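Observations on chain architecture
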Amino acid sequence: MNTETVEWTPDATDEKSYNIKGDIETTTREAETDENVVLQNERDIATHVISVDDDPSLNPWTFRTFFIGLGLSAFGGSLAQIYYFKPQTVYVSLMFLAIISYVIGLAMETFIPRHGLLRYLNPGPFNKKENAFIIIMCSAAANSALATEVLAVQRLYYNITPNAGSSIFLLFSSQLLGYGIGGLMRGILLYPSKMLYPSVLPLLSMFDAFYRDGIEARQRLKVFYFVFTAIFIWEIFPEWIFPLLTGLSIFCLAAPNNAAVSRVFGGSNGNEGLGLLSICFDWQYISSNAGNPMTIPLRAQLSSFIGYILCMVVFVAVFYNNIWESQNFPFLAQLLFYENGTVYDQTLIMNSNYEVDPTLVAEQGLPFYAGTWIINLLSTNLGLAATFTHLLLWNTDDLRAAWIWMNMDTLRSWRANFDWKFWKHNGKREVPANTEDLDPHYREMLKYPDAPNSWYLLTLVLSFTVGLVVIYETNSTLPWWGFVIAVLLAAVSILFFGALNAITGINIPIQTLVQMIAGYLHNGRPMANMLFVLYSYNTMSQALLLLRDLKIAQYAKLPPRAAFTAQIIGTLLGAVLNYVLMNSIIDNQREILLSVQGTNIWSGQQPQSYNSQAIAWGGLAHRLFSADQRYQWVPLSCLIGLVAPIPFWIIHRYWPRLRMDYYYTPIICYYVGALCVGINSSVVSYYMVSFLCQWWLRTRYPRWFVKYNYLVGAALDGGTQVMVLILSFAVQGAAGKAHLIPEWWGANQDGNYDRCLSL
């Protein structure tokens, strides 16, 4: 029997909810009970999928926690920096660190005696809060800081070697600046149920399977181990033995020598084609497409799907109509080209001071981009601008706290209650009389002392001050006002793009927009461009990382001060290791890193790319993107993006039954250019899995969805990432020489794996 449900319209804050028979998310099962309820909103998901229970007796402050946490942080930070200079990139994922830390913690609990000095390594059962503390510390450390890219480029291409003190402070300030800003926005971007952070749900669902007791928990753990083992074994096939499974295309097999077929239907190799109707059997690429498809909410999935369809249409139209002379260049490419299609030599337009010389540019001619890359830049600007309007129209109440404090009464109250002795803050928070409206997980956290705003404000002030000093001490060419604009741009971006990411699980990168703005502000100064990007784009990235990890802490009930400590220690340790290893590698491999080809062990492709982008944007932006120039529509798309959500809002206002509130305009806009790079054969498989899980299972089998969906997603991610890391070192060249499977029909090593024509 069909039942009618009230469809929740989370963003239409001043509109009624409407009963709509046959709505896409309406259950067709029997009448719902507490155990058979269709999850309709973020609060439902956060309270049904993840345990709200807390055990305050669990202690995260153990020697074992720091022993494992520091060890894995050093491992992750070192590996990330080493592989920045490798021909093959290897990432240490959050899920991998979670599984490895659990295995190590369990081993220490099982095999180390609990007496004498050894009791510090094994104080008792390894608990969920210890594991959460370790993961947050490792997450902060296990990446190559963007500041090391700036320092590497300075040493390799500009013969500038800042002293160790300036370099370390550059790293610290750029890594912690976002933490300060993001921490001050916790009340908006962290505590509410609306800020779901879908990407962390599999991790927390796995935690519940690991640490909860009872028959149901043991059953869920068996499912996790079974799926983890199955995908672990399976990944050997698409990743090594049978790479055709990366993208199986009937059209490529039927017409292997057709260029148009390759561009439209190919996609198993990087920059091959759009992957239309290809089927991918490699979970690594399926889950890396836009995040785990089992976790992203259906509304966001549907919006991105519309964007993908438009992307294929627009890309084909641009290329085959030869817009921007697209047919002179590869169909998918990110490089600069001469008009005849050869790669643009950027070194020929630089003077002895590594600045763009207008005379040399006139001799070489202005470079061209592939038409599809211009569509990517244009659609990214559309999506970025649309985010502001969309959230202000649909999510005003969610963001209002970001500006309502800007009045004299509030400022006077702050001044009257200000206590500069921040270290004496006891962290106690006032518990509202009515806690029903609070997020249940946040309500449980109120019993713990908070890491107060003064801690984050101090982090912000120190990072800002140190950053300002460093850019002058190192002669960076970035003026103080440019630094201030970069930080202000980051603060605004954190609010809006942080909210979009928290609600949908989809992140729109601001790097290209920031590079373009820097190009106009600091014309002809590549170094200034790089540092502007560092203190704007990187600041936003670090803030989103902090907020994501604090959400893990909130879901796991890790006390706020423990989470703050873990993040600061991990960030500082990772930054120091990044710097030491970067210097060591450049000292010993400088000539190889400067060469175009590199070797199968070391490569300078990433610093080369970063420097090339800085030159292109810093020196050529105004010649390429200004009014009446070749790519003038790229910056003008920002204006179009600002108005793009308005028609949807107006239609929903007057004709609510059309459900225009169901679509995320920024996501649709952004995904119009999403297929411009990489392996695209996974798109069809991604949406097959996403609609299967987020629509069919959620509405038809809600009990199974609640119990297993996110757990299976965690197992698929975990098993895949462990096997991929092993294969990276064993056979794919991460340790030096690659050992590819011998050529056979399912492993076309001399061409595209899907057997489409190599162009």
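Scroll up a little and you will see the structure.
Here we summarise the structure given alongside this text. Bear in mind that the values here come from a model prediction, so they are computed numbers and not experimental data. The numbers attached to residues start from 1 for each chain and follow its sequence in the written order. Two thresholds apply to this predicted model, a pLDDT of at least 70 for residue-level local features and 80 or more for giving and counting side-chain atom pairs, whereas whole-chain, interface and lining totals are computed over all residues. Working from all heavy atoms in the structure, the side-chain values ignore hydrogens and water.

Every helix listed is a DSSP run of H or I at least four residues long, and every strand listed is a run of E at least two residues long, numbered separately from the N terminus. For the chain, the count of helices and strands is 30 helices and 0 strands. For a compact globule of 759 residues, the expected C-alpha radius of gyration is about 27 Å, and the chain comes in at 26 Å, within 12% of that figure. In terms of principal-axis extent, the alpha carbons of the chain reach across some 70 × 65 × 60 Å. Three exposure classes are used, based on accessible area relative to the maximum for each residue type with a 1.4 Å probe and protein chains only: buried under 20%, partly exposed in between, and exposed over 50%. For the chain, the proportion of its 759 residues judged to be buried stands at 57%. Pairs at least 24 apart in sequence give 79% of the contacts found in the chain among residues at least 6 apart. A total of about 31000 Å² of accessible surface is found on the chain, and carbon and sulfur atoms cover 63% of it. This radius of gyration counts C-alpha atoms alone. The globule rule is 2.2 Å times how many residues there are, raised to the power 0.38. Only heavy atoms matter for contacts: two residues are in contact if any of them lie within 4.5 Å across the pair. Every accessible area reported is derived by Shrake-Rupley at a probe size of 1.4 Å, with residue values counting cover from the shown protein chains alone.

Taking 1.5 Å of rise per residue, 31 residues should cover 45 Å, and helix 23 (residues 526-556) covers 43 Å from first to last C-alpha, within 8% of that figure. Across the 31 residues of helix 23, 28 count as buried, placing the element largely inside the fold. The first or second residue beyond helix 23 is Lys557, which carries a positive phi of 65°. What a helix is expected to span follows from its residue count: subtract one and scale by 1.5 Å.

On to the environment of Trp455, then. Counting through the fold element by element, Trp455 comes out in helix 20 (residues 453-473). Between the C-alpha atom of Trp455 and that of Glu42, which follows or precedes it by 413 residues, the distance is 29 Å.

What follows concerns the packing of aromatic side chains. What counts as a ring pair is set by centres within 6.5 Å for rings of Phe, Tyr and Trp (its six-membered ring), and what kind of pair is set by the plane angle: stacked under 30 degrees, edge-to-face over 60, tilted for all other angles. According to the stated counting rule, one finds 47 aromatic pairs in the structure shown. Between Tyr308 and Tyr687, the ring centres sit 5.6 Å apart and the planes meet at 75°, which makes this aromatic pair edge-to-face. With a gap of 379 residues between them, Tyr308 in helix 14 (residues 298-320) and Tyr687 in helix 29 (residues 683-700) connect regions that are remote in the sequence. Given the relative accessible area of 3%, Tyr308 is considered buried. Residues Phe625 and Tyr631 carry aromatic rings whose centres are separated by 6.0 Å and whose planes lie at 40° to one another, so their mutual orientation is tilted. In this structure, Phe625 and Tyr631 share a single accessibility class: buried. Taken together, the ring pairs in this structure connect Tyr102, Phe126, Phe207, Phe210, Tyr211, Phe224, Tyr225, Phe228 and Phe232 into an aromatic cluster. Lysine and arginine charges are scored as sitting over a ring when NZ or CZ, respectively, is within 6 Å of the ring centre and within 35 degrees of the ring normal. The ring of Phe368 carries the charged tip of Arg630 above its face, separated from the ring centre by 3.5 Å.

The salt bridge definition used is simple: a Lys or Arg side-chain nitrogen within 4 Å of an Asp or Glu carboxyl oxygen. Per the stated rule, a full pass over the model turns up 12 salt bridges. For Arg155, the salt bridge identified is with Asp587, shortest N-O distance 2.7 Å. Note that Arg155 is positioned in helix 5 (residues 146-157) and Asp587 in helix 24 (residues 560-594), a separation of 432 residues in sequence. Here Arg155 falls in the buried class, since its relative accessible area comes to 13%. Notably, a salt bridge pairs Arg659 with Asp661, separated by 3.0 Å at the nearest N-O pair. Classification of Asp661 as buried rests on a relative accessible area of 4%. Among the charged side chains, a network of salt bridges with common partners joins Asp54, Lys129, Glu444 and Lys447.

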